[in-house]
Amino acid sequence: MISRSILGGRITPRYCPRLSQSSPFILSSRCAGLSTMPKLPRLPVPDLRKTLDRYLQSIQPFLREDEARGRSLFEASYEKRVQWVDDFEKGIGRLCQHKLHELDARSPHNWLDDNIWTNYAYLSWRAPLPINSNWWLTFINDPSIPESILRGDTISGIEPWQVRRAACILHRVLDWRARMVNQQPDPDTTRTGVWLLTNTEKMFNTCRLPRAGTDVLATRNPASKHAQDIMLMLHDFVYTVRVCEDDRTPLPVQTIEDRIRAVVLDVIKRIEARESAVPVGVLTSDDRDRWAENYQHLLSLSPKNDWTFRAINESIMALSLDHYTAMPSHYPTPTSPSSSQSSHTSVPALDSDAEIHAHLHNTRSPPRARNRWFDKSLTLSLERNTRAGAIGEHAPVDALVPSIVFDYGVVAGIDSSAFSEPVPRPLTSEEACESDGENGWTRLDWVTDERIEAQIREAEGRAQASINNSEAGILEFGEYGADWISNVARLPPDAYTQLALQLAWYRSRGFLTATYETALTRMFNAGRTECVRSASVAGLDFVQAAKEWGRGAEYVAEGGQHEVKPRALFPLLQHAIQTHARRTREAATGRGIDRHLLGLKLMLEELPVDASTSASSSDSPSSSSAKPTHPLFTDPLFSRSQEWKLSTSGLSAGDQFRGTGFGAGWEDGYGINYLIAPHRIKFCVESKFSSPLTSTNKFKQHIADALWDMRAICEAGELELKDGKKKSVDGVETRMQARL
C-alpha cells in the first residue's frame, strides 16, 4: 500500500542505481528450499509505446471533466498531450527506455525493486511514520479469555491473560517464521508459495534506520546474539527476550510466557523503586530528518546506546504491552476532535463502535506515541484487556504478507493444554521482589541528556497533534459480499468495490479524482506492487449517471434529480467494471504504467541538461528545475493524474481482523483499506479533521449508499436480461405459429 503522490512534486526522488550486495532484499542462502522450487519470471521493463498509450487513456476522464466545466476543449487539450507523448517516444524517451534496460541487466532481480521503489516510495519520505506510512491491523478477541477481562477497565497494570495471549500469538508467528525460512526443497510449491516464502524473511530481523535525506534498512545478521530475540516494550522500558533456538525453532509457549512474565515483574519492581523510563521510542514517531539527527546524538553519548540500538535493530520483531485499556476519550471523534488522557470514563460495551474505535487508534498510534518503536518492521501490541493488533514499517514488505502471518498467528487462539496452569496466576509485587536475575531476557538501557529529553517532549506534542488530526473509522457492510457479487451479479468483487468507492467519492465531492489501488506483482521474482488507476472514462460515465439516482437523490437539491432508470445504469456499471478489471490484470502482469513512468523520469533526470532534454516549445509547461525535463512530466495534468485523493488497497477476507488500515496521503483525501468476505465487506477509512472537505463518518455512509444502489442496479439489469430472453423466446414462438 502506498498513500502519497508517486511522481508529484511533493517529495524529492532518490534511488540507488547500483544494488549493494549487503542489501536486505538479496535473499539469504539459508532459504535452502528455493534452489529447487519454481523460478519466478523477471519483472519486465514495459513496452514504451504501450505505457504512453495507457497513460493517454488514463488522463481522458480529467480532460472530459475540464471541458464540461468550461476550462478547456477536450480535443485541443488531448491533442497537445498526444504530441508531447509522441515527441518523448521518438526522442529522449528512447534513451530513457534504453537506460532502464541497462539498469535491469545489471540488477539481481529486476530494474524496479532492486534499485528504485523501496527508496523512492518509503525510505526517502521524510514524514513521520505513524499514520502516514506504517500499516496497522487490529485482531478479533480471543473467545477463550473471560468476558470480565475482555470488557476492560480503567485500572493501570499488566493483566496475566494479556501476557498469555501475547505468548500464544507470538509463538504462532515464530512457528510461521521457522516453517517458511527453514522450508525443505519442494518442487510442488506454487509460485505464490515461493513469493510468500521469500517475502517472509524480509519482514523479520530488520529495522528502518534514520539517516539524513534517505533512511536505510538494517542489514540482517544471522550470527547476531540478538537474532533469536524479540524486543519487548512496557512502560517505555526496553528489553530483549530470547524466544527461539539457534535454528529458529520457537521455544515452548510456556517458556515464552514465563520469560515475558519475568520481564513484567522486573518492570513492576523498577516502578515501585520509583524508576521511570526515558521514552526514547517517541523519537521514532518524529520527522525522519529530525530523528536522524537525534539518533546520531544518542550514538555520540555512550557506547551503551550503540549496543541498545543493535539489539533493537537485529531482533526478530517487537512486542509492546500496554498497561491500560484504551478508552474512546483517549482519541478524537467527529464530535470531539481532541483527545483526553482522563481515566475517569465509562468503559464502552464490548464490540460497540466506541470500543472498536479505541482499539484501532491505540494499535496504530497510542497516546503521545508512547511504548512503540515505529521503525521496527513488525510490532505486536496488546492492551490490558487482551485486545491485540500489529503495526509495521512499510519498507521491507507490503501489508498483505504480515496480514497472512498474523491470520495464522491469531486463528488458533489460546491452547490451555500448553500451559501448566489453565488460568494464569496474578502478577504481584511480592512475586516481583522474589524474582531472581535475568534468565532469558536482558534490560536495554539508554544514556540520555537534557537535549534528548527536551526533544522527546517536543516529539510527543507533534505526535499527539497528528493523532488528534486523524479521523479513522470502520464500516462493516453486512448486507452482501463476494458471494452475491460473484454468483448473482456475476461481476468481479474487487472491481465492483472500486466502483462503489468511485461513486461514493463523486457523490461527496462532485468531481473525479485520481484513485490509487494496489496491485501485487507477486508472479515476478522480488515483485512488490503496481498502481491500478481506478479513474476511467467508463467509470466517469457510470458515476455521473448514478450520482443523483437512488440514495444519491438525498444529496441533490429539490427538483434537481434527473430521471434515470436503473436498467439504463447496468450496462454502464458493467463497462466500468470491465475496464477496471482489465487495468488490474495489466498492472499485476507487469504492464502497469506508474512504476514505468517513474523509472523513465528518473532516467531522464540523470541525463545532462541540453536542448534535447529540456522543454523548448512555447506551449509546454515551464520548469525552473536544473534537471533535464520534458513536457510529458512537467505538464500539470501529469501531476494531477497522480494526486491520489483516494488511496485504496484490498486485503484478504480478514476473518481474524476487526480492522486494518493506512493513512490518507493528501490532506483532503482518504486512505481506505477494505476486506471482501463472502457475506460482508469491511472498509477501514482514514481522513484528516483539519480538512473541511473530508469526513470519515460521512464517507462511510456514502460507501454504504453506493453499495445499496449498485445492488439495485444489478438486480434491475438482471431483470432486463431475463425479460429480453423471454421476449426472444416469445418472438420465436409467434413466428413459428404464423408459419404453421
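Everything below is about the structure printed above this text.
These lines cover the structure that appears in this document, whether it is placed above or below.

Conventions and cut-offs
- Residues numbered from 1 in each chain as written.
- Predicted model: local features only at pLDDT ≥ 70, side-chain atom pairs only at ≥ 80, totals over all residues.
- Heavy atoms only, no water.
- Helix = DSSP H or I, 4+ residues; strand = E, 2+ residues; numbered from the N terminus.
- Contact = heavy atoms within 4.5 Å.
- Areas by Shrake-Rupley, 256 points an atom, 1.4 Å probe, with all protein chains shown as cover.
- Buried < 20%, exposed > 50% of the residue type's maximum accessible area, 1.4 Å probe, protein only.
- Polar contact = N/O pair within 3.5 Å; in protein donor to acceptor, adjacent residues only side chain to side chain.
- Phe/Tyr/Trp six-rings, centres within 6.5 Å; stacked < 30°, edge-to-face > 60°.
- Pairing = 2+ DSSP bridges.
- Axes fitted to C-alpha atoms, helices over the stretch in contact; angles between N-to-C directions.
- Salt bridge = Lys/Arg side-chain N within 4 Å of Asp/Glu carboxyl O.
- Core = buried A, V, L, I, M, F, W, Y, C linked by side-chain atoms within 4.5 Å.
- Parallel < 35°, antiparallel > 145°, perpendicular 65-115°, else oblique.
- Nonpolar A, V, L, I, M, F, W, Y, C, P; charged D, E, K, R; others polar.
- Expected span 1.5 Å × (residues − 1).
- Left-handed = near helix turned anticlockwise from the far one by under 90°.

### Observations regarding the overall build of the protein chain
And step 1. Helix and strand counts for the protein chain stand at 22 helices and 16 strands.
And step 2. A sequence separation of at least 24 residues applies to 80% of the contacts in the protein chain between residues at least 6 apart.
And step 3. For the protein chain, the exposed surface amounts to about 28900 Å²; the carbon and sulfur share of it is 51%.

### Some remarks on the environment of Glu667
And step 1. One can find Glu667 in the loop between β14 (657-661) and β15 (670-677).
And step 2. Separated by 26 residues in sequence, Glu667 and Leu693 have C-alpha atoms that sit 9.2 Å apart.
And step 3. In this view, Glu667 contacts Asn469, Lys688, Ser690, Ser691 and Thr694; residues no more than four positions away in its chain are not counted.

### Let's talk about the side chain of His596
And step 1. With respect to the helices, strands and loops of the structure, His596 is situated in helix α19 (residues 594-606).
And step 2. Judged by its relative accessible area of 0%, His596 falls in the buried class.
And step 3. Looking at His596, its side chain comes within polar contact range of the side chain of Thr51, at 2.7 Å.
And step 4. Among the polar contacts made by the side chain of His596, one reaches the side chain of Gln97 at a distance of 2.8 Å.
And step 5. Once residues lying within four places of it in the same chain are set aside, the contact partners of His596 are Val45, Pro46, Asp47, Leu48, Thr51, Gln97, Leu100 and Trp111.

### With respect to the packing of aromatic side chains
Aromatic ring pairs are reported here in terms of the distance separating the ring centres and the angle at which the planes meet.
And step 1. Under the defined criterion, the tally for this structure stands at 25 aromatic pairs.
And step 2. Look at Trp291 and Phe309: their rings are 6.4 Å apart centre to centre, the planes differ by 55°, and that puts the pair in the tilted class. Linking Trp291 in helix α9 (residues 288-301) with Phe309 in helix α10 (residues 303-314), this pair joins segments that are 18 residues apart in sequence. For the pair formed by Trp291 and Phe309, the shared burial category is buried.
And step 3. Ring geometry for Phe477 and Tyr480: centres 5.3 Å apart, planes at 90°, overall edge-to-face.

### Things to note about the environment of Ala121
And step 1. Turning to its location among the elements, Ala121 is positioned in helix α4 (residues 117-123).
And step 2. Owing to a relative accessible area of 1%, Ala121 belongs among the buried residues under this scheme.
And step 3. Along the chain, Ala121 and Ala395 lie 274 residues apart, while their C-alpha atoms are 8.1 Å from each other.

### Observations regarding the side chain of Ser224
And step 1. Mapping Ser224 onto the fold places it in the loop between β3 (216-217) and β4 (229-234).
And step 2. When its relative accessible area of 11% is taken as the criterion, Ser224 is described as buried.
And step 3. Within the structure, the side chain of Ser224 is placed 3.0 Å from the backbone nitrogen of His226, a separation counted as a polar contact.
And step 4. A polar contact is formed between the side chain of Ser224 and the side chain of Glu314, at a distance of 2.4 Å.

### With respect to the sheet that holds strand β16 (residues 680-688)
And step 1. If you trace the 6 strands from one edge of the open sheet to the other, you get β10-β16-β15-β13-β11-β12, paired in mixed fashion. This sheet does not close on itself; its edge strands, each paired only once, are β10 (470-477) and β12 (529-533). Between one strand axis and the next, the sheet turns through 20° on average, direction left out of account.
And step 2. The sheet strands contacting helix α11 (residues 353-364) are β10 and β16, and the helix crosses β10 at an angle near 130°.

### Observations concerning unusual backbone geometry
And step 1. A positive phi is found at Asn205, a non-glycine position, where the angle reads about 55°.
And step 2. As for its position among the elements, Asn205 is in the loop between α7 (191-203) and β2 (208-209).
And step 3. For Arg274, which is not glycine, the phi dihedral falls at a positive 65°.
And step 4. Inspection of the secondary structure assignment puts Arg274 in the loop between α8 (253-272) and α9.

### Some thoughts on the pattern of salt bridges
And step 1. One pass over the full model with this rule turns up 55 salt bridges.
And step 2. As a salt-bridge pair, Asp286 and Arg290 come within 3.2 Å of each other at their nearest N and O atoms.
And step 3. By relative accessible area, which is 3% here, Asp286 ends up buried.
And step 4. Through salt bridges with shared partners, a single ionic network connects Arg126, Arg208, Asp215, Arg288, Asp289, Asp375 and Glu393.

### A look at the nonpolar core
And step 1. Of all hydrophobic cores here, the largest spans 92 residues; its most connected members are Tyr496, Phe542 and Phe683.
And step 2. Residues Cys168, Phe204, Leu265 and Tyr408 belong to the second largest nonpolar core, which totals 67 residues.

### Regarding the pairing of β14
And step 1. Among the 5 residues of β14, 5 are classified as buried, and the element is accordingly described as predominantly covered.
And step 2. Here 4 bridges tie strand β1 (residues 135-139) to β14, and the two strands are oriented antiparallel to one another. Bridge pairing links Trp136 to Gly661 in β14.

### Focus on the packing of α7 against helix α12 (residues 400-411)
And step 1. Running from N to C, α7 and α12 point in directions that differ by 90°, and their axes come no closer than 10 Å. Relative to α12, the element α7 is oriented roughly perpendicular. Facing Trp195, Leu196, Asn199, Thr200 and Met203 of α7, the residues of α12 in contact are Leu400, Val401, Pro402, Ile404 and Val405.
And step 2. Considering only residue class, the contact of α7 with α12 consists of 8 nonpolar, 2 polar and no charged.

### Focus: α8
And step 1. With 20 residues, α8 should reach 28 Å at 1.5 Å per residue; the first-to-last C-alpha distance of 29 Å fits that figure.
And step 2. Of the residues one or two after α8, Arg274 is the one with positive phi, at around 65°.

### Some remarks on the sheet that holds β14
And step 1. Strand order across the open sheet formed by 8 strands is β9-β5-β4-β6-β7-β8-β1-β14, with mixed pairing between neighbours. This sheet does not close on itself; its edge strands, each paired only once, are β9 (441-444) and β14. Between one strand axis and the next, the sheet turns by 20° as a mean value, whatever way the strands run.
And step 2. Looking at chain direction, β4 and strand β5 (residues 237-242) are connected through 6 bridges and run antiparallel.

### Some words on helix α17 (residues 537-546)
And step 1. Burial analysis of α17 places 7 of its 10 residues in the buried class, which makes it a mostly covered element.
And step 2. Within the sequence span of α17, burial applies to Val537, Ala538, Gly539, Leu540, Phe542, Val543 and Ala546.

### Remarks on the pairing of β12
And step 1. Counted residue by residue, β12 has 5 buried out of 5 residues, so it is predominantly covered.
And step 2. With 5 bridges joining them, strand β11 (residues 514-520) and β12 adopt antiparallel strand pairing. In the sheet register, Tyr516 faces β12, and the bridge partner there is Arg533.

### As for the packing of helix α16 (residues 493-509) against helix α18 (residues 566-588)
And step 1. Where α16 contacts α18, the two axes come as close as 9 Å, and the packing angle between them is 115°. Handedness of the crossing formed by α16 with α18: right-handed. Of the residues in α18, those in contact with Asp494, Ala495, Tyr496, Gln498 and Leu499 of α16 are Leu573, Ala576, Ile577, His580 and Ala581.

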